[in-house]
Amino acid sequence: MRISVRNIMVAEATLITVLQYGFLRKRWDMIKDIGHWINGAMVSGQGETLGPVFNPATGEQTGMVRLASEPDVNAAIAAAQDAFPAWANTPPVIRARVMFRFKALIEDNMDRMAEMITAEHGKVISDSKGSIIRGMEVVEFACGIPQLLKGEFTENVGTDIDSWSVRQPLGICTGITPFNFPAMVPMWMFPIAIACGNSFVLKPSEKDPSAANFMAELMQEAGLPDGVLNVVQGDKVAVNVLLRHPDVQSVSFVGSTPIAEYVYRTGTSTGKRVQALGGAKNHMVVMPDADLDQATDALMGAAYGSAGERCMAVSVAVAVGAAANPLLDRLIPAIEALKVGPGTDPDAEMGPLVTQAHYQKVKRYIDLGIEEGADLKIDGRDLVLQGYENGYFVGPTLFDKVTPDMQIYKEEIFGPVLSVVRAPDFDSAIEIVNGHEYGNGSAIFTRDGNVAREFTSRNLTGMVGVNVPIPVPMAFHSFGGWRRSLFGDTHMHGPEGVRFFTRLKTVTSRWPAGVRTGAEFVMPTVR
């Protein structure tokens, strides 16, 4: 059989086409299609807009998330509305048993969930696990909901009249959560809301959406009825539907201050309860008598853990008096020794930033700090890791001699950038902390009990640490800042979370007995 050159060329071209098609097909199959969890099932929804999801360590696209349309969000709300009456009527002890099973499932799937978070957010695996555990602590708190929902009873508030109070669920509650804690922050919201008898619609960040769907699946496996927890992926379209829908009773939000203020104003204007946690510029005051080695270790973890992408990250070190130079002498070599790498590297202490856009934003802030005259001690802009050249890595960065009039001091950078502000004395340090528009958290490192007491008393932030750099309250307390770090009058999770997700009802009761006294037209009083 004769084989012509042309036939060989056609065959080669066909083979190349087949191989290319196979590669593209394989590449597409590797990209996850991330939809919504509505009424107990994964759905694609009606929205036609897709958003890319990336691996921050490599810069490769790993998923496509379906951004919800208005009908998609309405479908989730309708499912929550249908599920609410029966769930609200479920005894609290039964609701608690679902939370117990959910907690056990989180523990069984800890590694899988941590890998999911690291793949889409970039933080190191150990930090991902730590954040899951902090979220799980709120689930543990919600397991005690029968005790937490107990009301109060008073016998004989008047003659033969008794009075008691009960806490009842609101209805449909919603949560809008940030990219930096895709498991922890949702678990600060929906476990307590659901344990209190509400149904819930969660709108996670579209940057790392997979953990939310996975938790919804685990809740179903734990025995939660369909429709009680729904997840809609999306952007501002979804947010606006949740803020304006008449059936939604409450909104919980964590994110930047401009968006928190928008959420608060929009949600409250439509009659909803809103707790909106905004931005932060957390300060750590280091006194001259502090254990400087301890303070250095604290700053390293608090400033550079999770690449600074924490609402409780310490981004300003206020060095008081003679503490400044010795503190810098310890900080600089510690920062230079910090191990930066992909989150999957067990030796890495800090991973990449979440997106290319955020990577560029943080680098621009470093440029700005130089322009403003701050003393750049360590520059993280040019960090490149072999094999991860396209990853979103910014190395740990340190500025000295930052002043409160600089933009890098005033604004939340949300990256691995630590600013050292020098204060001549303790009173000046307090003024610096209290003078910032944000009042999320702050800390002081000192050996002097009187100084520590004065700091905690005069401090105008919602969470304060004494020789503790990140004073995040445990689940049985409540989390939240002051001033422009919180819009609303309740903090998140803990006892305030139970109060936020329930309404108080007081009943006054008398059973017919004795002689009728007739109509009374004066304000009733005890007699």
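Residues numbered from 1 in each chain as written. Predicted model: local features only at pLDDT ≥ 70, side-chain atom pairs only at ≥ 80, totals over all residues. Heavy atoms only, no water.

1. Quick look at the sheet that holds strand E7 (residues 161-169)
Then comes step 1: What the three strands build is an open sheet, ordered E6-E7-E23; its pairing is antiparallel. On the outer flanks of this sheet lie strand E6 (153-158) and strand E23 (502-509), each paired with one strand and no other. Adjacent strand axes in the sheet meet at a mean angle of 30 degrees, parallel and antiparallel pairs treated alike.
Then comes step 2: Taken together, the three bridges between E6 and E7 define a ladder with antiparallel strand orientation. (Pairing = 2+ DSSP bridges. Helix = DSSP H or I, 4+ residues; strand = E, 2+ residues; numbered from the N terminus. Axes fitted to C-alpha atoms, helices over the stretch in contact; angles between N-to-C directions.)

2. What to know about the confidence of the model for the protein
Then comes step 1: Of all residues in the protein, 93% attain a pLDDT of 70 or more, and the chain-wide mean is 90.
Then comes step 2: Confidence drops under pLDDT 50 across residues 1-28; counting only partners more than four residues distant or on other chains, this segment forms four contacts. (pLDDT = per-residue confidence, 0-100. Contact = heavy atoms within 4.5 Å.)

3. Topic: the packing of helix H2 (residues 70-88) against helix H9 (residues 236-244)
Then comes step 1: Interhelical geometry of H2 versus H9 gives an angle of 45 degrees and a closest axis separation of 9 Å. If you check the angle between H2 and H9, you find them oblique. When you trace H2 past H9, the crossing you get is right-handed. Listed contacts from H9 to Glu-70, Val-73, Asn-74 and Ile-77 of H2 are Val-237, Ala-238, Val-241 and Leu-242.
Then comes step 2: Here the contact of H2 with H9 is built from residues that sort into six nonpolar, one polar and one charged. (Parallel < 35°, antiparallel > 145°, perpendicular 65-115°, else oblique. Left-handed = near helix turned anticlockwise from the far one by under 90°. Nonpolar A, V, L, I, M, F, W, Y, C, P; charged D, E, K, R; others polar.)

4. Quick notes on the sheet that holds strand E1 (residues 32-34)
Then comes step 1: The strand order E1-E5-E4 describes an open sheet built from three strands, whose pairing is mixed. In this open sheet, the two strands that pair with only one neighbour each are E1 and strand E4 (50-55). The sheet shows a mean angle of 30 degrees between the axes of neighbouring strands, taken without regard to direction.
Then comes step 2: Pairing of E4 with strand E5 (residues 60-66), which is carried by six bridges, proceeds in the antiparallel orientation. Residue pairing across strands places Gly-51 opposite Val-65, the latter belonging to E5.
Then comes step 3: Helix H4 (residues 110-121) rests against E1 and E4 of the sheet, and its axis sits at about 105 degrees to E4.

5. Regarding the pattern of salt bridges
Then comes step 1: Evaluation of the coordinates by the stated rule reveals 19 salt bridges.
Then comes step 2: A salt bridge links Asp-367 to Arg-381; the nearest nitrogen and oxygen atoms lie 2.4 Å apart. Taken together, the residues span a long stretch of sequence, with Asp-367 in helix H13 (residues 356-372) and Arg-381 in the loop between strand E15 (375-378) and strand E16 (397-400) at a distance of 14 residues.
Then comes step 3: Asp-367 gets classed as partly exposed once you look at its relative accessible area, which sits at 31%.
Then comes step 4: Note that Arg-484 is salt-bridged to Glu-437, the shortest N-O span being 3.2 Å. Remark: Glu-437 occurs in the loop between helix H15 (426-435) and strand E18 (438-439) and Arg-484 occurs in the loop between strand E21 (482-483) and strand E22 (486-487); sequence separation between them is 47 residues.
Then comes step 5: Taking relative accessible area as the criterion, Glu-437 reaches 38% and is therefore assigned partly exposed.
Then comes step 6: A cluster of three or more residues bridged by salt bridges with shared partners is formed by Glu-261, Arg-265, Glu-437 and Arg-484. (Salt bridge = Lys/Arg side-chain N within 4 Å of Asp/Glu carboxyl O. Buried < 20%, exposed > 50% of the residue type's maximum accessible area, 1.4 Å probe, protein only.)

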